[in-house]
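What follows is the residue order along each chain.
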Amino acid sequence: MAADEVAQYGAGETALIVRVSEAESVVGGWRERFDGSVGAGVPAHVSLLYPFLHQDRIDEQVLGVLSELFGSCSAFDLRFRECGRFPGVLFLAPEPDGPLRALTAAVVDRWPEAPPYGGRFSEAIPHLTVANGQEPSVLDAVEADLASRLPVTTRVSSVQLLVFDGVVWRERADFTLCAPQVDAGQADLSGLPS
């Protein structure tokens, strides 16, 4: 891994993600070539919140609140059937993205000092990054290959807390979502404090 790939993260940074293992066989090769986070140990995923609290702030109380928060939300299904783009970035777009947005909003409501991407963007759009920092022609080629390999579907039944140790991202905790009590395409946030 190149030094600049590690330098984009700070030791002690944390992230809340939804791992999408089912996408690895489709996007893994492209991510290895064009997504520097792979070299830092980041699996195919959708970020719920990055950066979250510094690891020094994550104690048993924070872990307990996260466990309760996510445990009150129902598991749901996601489908990735098409690509989307940001400048220089190709990603898979999750459908529906409402449950992911609701989970992010619930965490930010509890910890407003940790807005998505440090508040750099006016809107946090759920996505699974495939290629980053590439020219449009490279993104076109990757997207053309992916078009014949989609859709990818997954069951979201947990959220992972990752911590960057200065070299790689490691899982610190896994929070299980409850069994679905509503339509499988919707996250049940009725038990969350408002």
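Refer to the structure printed above.
Quantities reported herein were computed from a predicted structural model and do not represent experimental measurements.

(A) Spatial organisation of the sheet that holds strand β3 (residues 76-86). What the four strands build is an open sheet, ordered β5-β4-β3-β6; its pairing is antiparallel. Each having just a single partner strand, β5 (128-132) and β6 (152-156) make up the two edges of the open sheet. If you compare each strand with its neighbour and ignore which way they point, the axes differ by 30° on average. Alignment of strand β4 (residues 89-95) against β5, held across four bridges, turns out to be antiparallel. Paired with Phe91 across the two strands is Thr129, which belongs to β5. Running over the sheet, helix α2 (residues 24-34) touches β4, β5 and β6 and is turned about 40° from β5.

(B) Here's a closer look at the sheet that holds strand β7 (residues 158-164). Taken in spatial order, the four strands make up an open sheet running β2-β1-β7-β8, and their pairing is antiparallel. Each end of this open sheet is capped by a strand with a single partner; those strands are β2 (45-49) and β8 (169-176). Taking the axes of each pair of neighbouring strands and ignoring which way they run, one obtains an average angle of 35° across the sheet. Where β7 meets β8, seven bridges bridge the pair, whose relative direction is antiparallel. Bridge pairing in β8 places Ser158 opposite Thr176. Contacts from helix α3 (residues 60-71) reach β1 (14-19), β2, β7 and β8 within the one sheet, and its direction differs from that of β8 by about 50°. Of the strands in this sheet, β1 and β2 touch helix α4 (residues 98-110), which is tilted by about 30° from β2.

Rules used in this analysis
- Residues numbered from 1 in each chain as written.
- Predicted model: local features only at pLDDT ≥ 70, side-chain atom pairs only at ≥ 80, totals over all residues.
- Heavy atoms only, no water.
- Pairing = 2+ DSSP bridges.
- Helix = DSSP H or I, 4+ residues; strand = E, 2+ residues; numbered from the N terminus.
- Axes fitted to C-alpha atoms, helices over the stretch in contact; angles between N-to-C directions.
- Contact = heavy atoms within 4.5 Å.

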